[in-house]
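# Structural features, examined
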Amino acid sequence: MRGSSMPDIGAKNELVVLDAIRNAPEGSSQSEVVRRSGLSRQAVSLITRRLMERGLVETDGTRGEGRGKPRTVLRVSPSSLLAAGVHLDPAGISLVMVDLGANVVAERAIGPPGTDPDAGVHRIAEGLEELLASLHGEGWHSPSGQRASDVLLGIGVAAPGGLDSRRGVLVDPPWMPGWWNSSLAEMLSHATGRPAVLDKDTNAALAAEIWAGDRLSEQTVLYIYVSAGIGSAVASRGRVQRGSTTQAGEIGHLPTGLDGPLCGCGRRACLSVFTDVRAMLSRFDAAGTGTGPGTTDPSEVADDGERLDALLAAATAGDPLGSQIAREHGTALGEALRTLIGIHDPHRVIIGGPYWRALEPLSMPHVLERAMQGNGGRRGVTISSSAFGDDVGAIGAATLYLGRELSPTVR
Ligand SMILES: [Zn+2]
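Rules of the game
- Residues numbered from 1 in each chain as written.
- Predicted model: local features only at pLDDT ≥ 70, side-chain atom pairs only at ≥ 80, totals over all residues.
- UniProt positions renumbered as here; feature names shortened; annotations may be inferred.
- Axes fitted to C-alpha atoms, helices over the stretch in contact; angles between N-to-C directions.
- Helix = DSSP H or I, 4+ residues; strand = E, 2+ residues; numbered from the N terminus.
- Parallel < 35°, antiparallel > 145°, perpendicular 65-115°, else oblique.
- Left-handed = near helix turned anticlockwise from the far one by under 90°.
- Contact = placed C-beta atoms within 7 Å.
- Buried ≥ 20, exposed ≤ 12 C-beta atoms within 10 Å, placed from the backbone.
- Pairing = 2+ DSSP bridges.
- Core = buried A, V, L, I, M, F, W, Y, C linked by C-beta atoms within 7 Å.

Looking up the chain in an unreviewed UniProt entry gives the name ROK family transcriptional regulator, with the organism given as Brachybacterium endophyticum. The Sequence similarities (unreviewed entry) comment attached to the chain in UniProt states, word for word, "Belongs to the ROK (NagC/XylR) family."

For the rest of this paragraph, the subject is the packing of helix α7 (residues 201-212) against helix α14 (residues 392-406). With their axes 7 Å apart at the nearest point, α7 and α14 run at an angle of 70° to one another. Taken together, the axes of α7 and α14 are roughly perpendicular relative to one another. In this structure, α7 meets α14 at a crossing whose hand is left-handed. Here Asp 201, Ala 204, Ala 205, Ala 207, Ala 208 and Trp 211 of α7 come into contact with α14, specifically with Val 392, Gly 393, Ile 395, Gly 396, Ala 397, Thr 399, Leu 400, Leu 402 and Gly 403.

Across the seven residues that make up strand β11 (residues 230-236), a large majority, six, are buried. In this structure, β11 lies alongside strand β12 (residues 239-240), joined through two bridges in antiparallel fashion. Note that in β12 the partner of Ala 235 across the bridge is Val 240. Here β11 folds back onto β12 in antiparallel fashion, the turn holding two residues, of which Arg 237 has a positive phi close to 45°.

A separate point is the nonpolar core. The biggest cluster of nonpolar side chains holds 116 residues, and the ones touching the most others in it are Val 86, Val 157, Leu 188 and Ala 398. With nine residues, α14 is the largest single contributor of residues to this core. In contact with Val 157, not counting residues within four places along its chain, are Val 86, Leu 88, Leu 184, Ala 185, Leu 188, Ala 196, Val 197, Leu 198 and Ala 397.

Our focus in this paragraph is the environment of Phe 284. Note on placement: Phe 284 falls in helix α9 (residues 277-286). Along the sequence, Phe 284 and Leu 311 sit 27 residues apart, while their C-alpha atoms lie 7.4 Å from each other.

Here we come to the packing of helix α11 (residues 320-344) against helix α12 (residues 356-371). In the contact formed by α11 and α12, the axes pass within 7 Å of each other and the chain directions differ by 40°. With respect to α12, the element α11 is oriented oblique. The handedness of the crossing between α11 and α12 is right-handed. Taking contact as the criterion, the partners of Ala 326, Arg 327, His 329, Gly 330, Thr 331, Leu 333, Gly 334, Glu 335, Leu 337, Arg 338 and Ile 341 in α11 are, on α12, Leu 359, Leu 362, Ser 363, Met 364, Pro 365, His 366, Val 367, Leu 368, Glu 369, Arg 370 and Ala 371.

This is the structure in structure tokens:
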């Protein structure tokens, strides 16, 4: 992947203008950019011309504004730049290439991480190289005619905590002991010749929403990430709050106030007791219900995602225990949200992550019912599901990189 000419994204005011244009998906007039950026009309005009010459911004017709003459609409040119996203998860590694609009232009899955980080990083680098080769093969090019490898800015990596995003080091993520204390960002950068950044999967998922969402970079957004475990992330005015050691948002042991068993941490009825997928599955299994054909023989045990699907299918078909487990997922998450909304006072709550799409139909009604009780409802906060699918970790990782390079506030 070496030998590319990196796009020259420099001056802070260029980023301010690009951000002002990018944050209006329906397009902005130059006057709107002046208003939102706080820069002078002359500066915006000059910078916009420069961004257009480089193919980052394009015009998109005209529209009327008040009684004046119609204004030219500016918008970012999505396919002018690319970023790579890597989601490193114990269940598997996903790779994507996304454009400036957070659209996936190429993707592939390359299996679980294994126990050797050197070999794993090598596979990731190879996989990214193959994605670029496939884009070259299909003739992908930017509006100014550059090939994918010429407009690829860099690589974002999302992984479960604990990790140190500042140093790019995986510290002690669960179920990946072989990778503990590996300098992943540096290793990947060395293997690919591209800059790389590392962050938690929860923060990456939130970054995807902010990058793609209408005006979310001007709001306080709380994200709930539903994976094997549960986590949260918060951003205020586009800036993700990571805490002092990238541990912010570890909400698994938040007390729910529900009637529930003692947790390993010593408290009763923690959120994770109801929302960790392994805990849900073992409750279902312990009752002798089983999770469908194929799970009796240990060699045929399906992965957790398939077993969860079986649990939810049973619940949908009226199985009492399955229904109770799914309902309690929503109730516990709703109670946790009620607390978190009180703490963070967000404009928006977004729920997503690899297992949310499967859980949403049965869980969301109870989430809304509980979370909206008391202050949550009165504040008018909106709670919705992410529009991104199961790939949100990888897409988010790529947008993390875009955010670091292209957002004036994120650096
Ligand atoms: Zn606990």
